[in-house]
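# Structural description and commentary
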Amino acid sequence: MFKRSSRISSVRVFVRYAHDIQISRTGKPILRSGPGGRSSLTGHTATVFGANGFVGRYLVSRLAKQGTTVVVPWRSEDAKRPLKVSGDLGQVVMLEFDLRNTQSIEEAVRHSNIVYNLIGRDYETKNFTYEDVHIEGTERIVEAVAKYDVDRFVQVSCMNANPESTSKFYRTKAMGEEAARKVFQETTIVRPAAIFGAEDRFLNNLGSRKSIFTSYRNNRYVRPVHVVDVARGLELLMFDDSTAGQLFELYGPNEYTMTQILDLVSKVTMRSSWRFDLPKPVLKAMARVLDKLYWHIVCPDEVERQFIDICYTEGAKKFRDLGIEPTALEMLALKYLRIYRTSSLYDAPPSREEVQDRYMVD
Ligand SMILES: NC(=O)c1ccc[n+]([C@@H]2O[C@H](COP(=O)([O-])OP(=O)(O)OC[C@H]3O[C@@H](n4cnc5c(N)ncnc54)[C@H](OP(=O)(O)O)[C@@H]3O)[C@@H](O)[C@H]2O)c1
């Protein structure tokens, strides 16, 4: 008797209701099952290009954990492996692809109802220029999306994307947006500001003093955004078809100058910031030499970007429109920068100034 009742209580019965069926933008049924989270299904299938990158990992984790089937197109065996455990068995589907191989791209998108393109590169390599990655790559993906009548396409670009920009990175990002909208008008464009998090290239570069030569214009304005907020925003787009065809600019709640950020980093890491502020031509000349090395340190276009303030587009949607309250950099700086403290100070509590900054107390 006891055995029977324990067996019955361990069986989870999912009752389906009419509101579990959603009709997608193109009229396809999406059938949800379960209460949400592990062992549930959202009914969505998402392809995430750039899944093993910094933002991609957070996005795949959020999607798969909620029960979305995620297709991960990969080009590096080792880099994609950790994504496999983001969801239940069979929830994360790996497919090898090449950005120049149309057939492999089509295979990756044809069963999905939403495609995210997070492919991007901060610097050019001998195999791929900015145009190859940001424009031609996007064109191939969006053409496959249109061919297989995928419901939604989300193009991840960046703040300051502008066809007139002095930075080639920003120009090609803007041209990628245009290319996507030309083929698939309902493309949702997402422009995040500089993203910070555990594996970022923003706080880690400053904390590790990778950039001891900083730009002469440290009064440049930035508005860093937390990677978890960006991933959450991208996930929410999938559930809200009214976001199709819109432009989102995702940035943190506070605007800082680079000098303020350098001071914050030095306060949190409890190390004096020895840095040399150099003018643009000198930094560019140094970057040109370093760019010739086999491994990436800095490229001239990254120097150019260090001199461009964050600028906003009128009418663009924000975190507020997705119901997200973004987290401020100073709330999480200790979490991500503690590793750059010396071992004797590793566990030291936050300084008085840090507490004042974080909780805005006098
Ligand atoms: N991180 C930021 O601060 C920031 C700020 C604003 C906008 N964004 C944009 O947000 C997107 C994601 O950023 P992220 O920080 O996650 O970038 P990331 O860490 O550099 O990852 C980029 C992804 O793109 C893939 N990729 C690059 N070139 C490729 C190529 N030629 N063929 C196939 N795949 C290629 C990479 O694959 P492999 O790992 O195989 O190389 C990786 O999965 C990018 O478009 C970026 O421009 C980032």
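Reading the values: rules and limits
Residues numbered from 1 in each chain as written. Predicted model: local features only at pLDDT ≥ 70, side-chain atom pairs only at ≥ 80, totals over all residues. Heavy atoms only, no water. Core = buried A, V, L, I, M, F, W, Y, C linked by side-chain atoms within 4.5 Å. Buried < 20%, exposed > 50% of the residue type's maximum accessible area, 1.4 Å probe, protein only. Helix = DSSP H or I, 4+ residues; strand = E, 2+ residues; numbered from the N terminus. Right-handed = clockwise from strand over helix to strand, strands pointing away. Polar contact = N/O pair within 3.5 Å; in protein donor to acceptor, adjacent residues only side chain to side chain. Contact = heavy atoms within 4.5 Å. Pairing = 2+ DSSP bridges. Axes fitted to C-alpha atoms, helices over the stretch in contact; angles between N-to-C directions. Salt bridge = Lys/Arg side-chain N within 4 Å of Asp/Glu carboxyl O. Parallel < 35°, antiparallel > 145°, perpendicular 65-115°, else oblique. Left-handed = near helix turned anticlockwise from the far one by under 90°. Nonpolar A, V, L, I, M, F, W, Y, C, P; charged D, E, K, R; others polar. UniProt positions renumbered as here; feature names shortened; annotations may be inferred. Expected span 1.5 Å × (residues − 1). Near = heavy atom within 4 Å. Areas by Shrake-Rupley, 256 points an atom, 1.4 Å probe, with all protein chains shown as cover.

The chain has the name NADH-ubiquinone oxidoreductase subunit, mitochondrial in an unreviewed UniProt entry, where Neolecta irregularis is given as its organism.

### Observations concerning the nonpolar core
Formed by 37 residues in total, the largest nonpolar core has its most connected members in Val 48, Val 55, Leu 63, Val 72, Tyr 116 and Leu 234. For this core, the leading source of residues is helix α2 (residues 54-65), giving six residues. Among the nonpolar cores identified, the runner-up in size contains 20 residues, and Val 222, Met 258, Val 265 and Leu 332 belong to it.

### Quick look at the pairing of strand β4 (residues 69-74)
A large share of β4 lies buried, amounting to five of its six residues. Viewed along the sheet, the connection from strand β3 (residues 45-49) through α2 into β4 turns out right-handed.

### Observations concerning the side chain of Asn 113
The residue Asn 113 is located in the loop between α4 (102-109) and β6 (114-117) in this model. The class of Asn 113 is buried, set by a relative accessible area of 12%. Polar contacts involving the side chain of Asn 113 include one to the side chain of His 44, which spans 2.9 Å. Setting aside chain neighbours within four positions, we find Asn 113 in contact with Ile 30, His 44, Thr 45, Val 150, Asp 151 and Arg 152.

### Remarks on the environment of Asp 240
Within the fold, Asp 240 resides in the loop between α8 (227-239) and β13 (247-250). Residue classification places Asp 240 among the partly exposed residues on the basis of a relative accessible area of 31%.

### Some thoughts on the sheet that holds strand β8 (residues 188-192)
Spatial strand order, β5-β4-β3-β6-β7-β8-β13: seven strands in an open sheet with parallel pairing. What marks the edges here is a single partner per strand, and that holds for β5 (92-96) and β13. Strand-to-strand, the axes of this sheet are offset by a mean angle of 20 degrees, without reference to chain direction. As judged from the four bridges shared by β8 and β13, these two strands associate in the parallel manner. Counted as the bridge partner of Ile 189 is Leu 247 from β13.

### Comments concerning the pattern of salt bridges
This model, assessed by the stated rule, comprises 16 salt bridges. In this structure, Glu 124 and Lys 168 form a salt bridge, with 2.9 Å as the shortest nitrogen-oxygen distance. With a gap of 44 residues between them, Glu 124 in the loop between β6 and α5 (130-147) and Lys 168 in helix α6 (residues 168-183) connect regions that are remote in the sequence. The exposure class of Glu 124 is partly exposed, given its relative accessible area of 30%. Between Glu 304 and Lys 284 there is a salt bridge whose closest N-O contact spans 2.6 Å. Of this pair, Glu 304 sits in helix α11 (residues 300-305) while Lys 284 sits in helix α10 (residues 280-290), placing them 20 residues apart in sequence. Bridged by salt links that share partners, the residues Glu 124, Glu 131 and Lys 168 form one connected network.

### Considering the packing of α5 against α6
Look at α5 against α6: their axes get within 9 Å of each other, and the N-to-C directions meet at 15 degrees. Classified by the interaxial angle, the pair formed by α5 and α6 is roughly parallel. Here α5 and α6 pass one another in a crossing that is right-handed. Across the interface between the two elements, Tyr 130, Glu 131, His 134, Ile 135, Thr 138, Glu 139, Val 142, Glu 143 and Ala 146 of α5 pack against Lys 168, Phe 169, Thr 172, Lys 173, Met 175, Gly 176, Ala 179, Ala 180 and Val 183 of α6. Of the residues belonging to the contact of α5 with α6, the class tally is nine nonpolar, four polar and five charged.

### Thoughts on the UniProt feature "domain: NAD-dependent epimerase/dehydratase" (unreviewed entry) in the chain
UniProt records the feature "domain: NAD-dependent epimerase/dehydratase" (unreviewed entry) at residues 47-210, using the numbering of this structure. Spanning residues 47-210, this segment combines 38% helix with 18% strand, and its end C-alpha atoms are found 34 Å apart.

### Observations concerning α8
A rise of 1.5 Å per residue sets the reference length of α8, with its 13 residues, at 18 Å; its end C-alpha atoms lie 19 Å apart and thus fit the reference within 8%. Those residues of α8 that sit buried are Val 227, Asp 229, Val 230, Ala 231, Gly 233, Leu 234, Glu 235, Leu 237 and Met 238.

### A few points about the site of the ligand
Within the structure, the ligand sits among 24 residues, and Asn 52, Val 55, Arg 75, Lys 173 and Arg 201 are positioned closest to it. Here an oxygen atom of the ligand sits 2.7 Å away from a polar atom, N or O, in the side chain of Arg 75. Separating an oxygen atom of the ligand from a side-chain N or O atom of Arg 201 is a distance of 2.9 Å. A total of 890 Å² of accessible area belongs to the ligand in isolation, and the protein chains cover 88% of it. Mapped by element, the contributors of at least two residues to the shell around the ligand are α2 and α6.

### Here's the deal with the side chain of Ser 165
Along the chain, the position of Ser 165 falls in the loop between β7 (152-156) and α6. Within the structure, Ser 165 has its side chain in polar contact with the backbone nitrogen of Ser 167 (distance 3.1 Å). When neighbours within four sequence positions are excluded, Ser 165 is seen to be in contact with Tyr 170, Arg 171 and Ile 308.

### Section: the environment of His 296
Note that His 296 resides in the loop between α10 and α11. As for His 296 and Leu 95, which are separated by 201 residues in sequence, their C-alpha atoms are 27 Å apart. In this structure the side chain of His 296 is engaged in a polar contact, spanning 3.1 Å, whose partner is the side chain of Glu 302.

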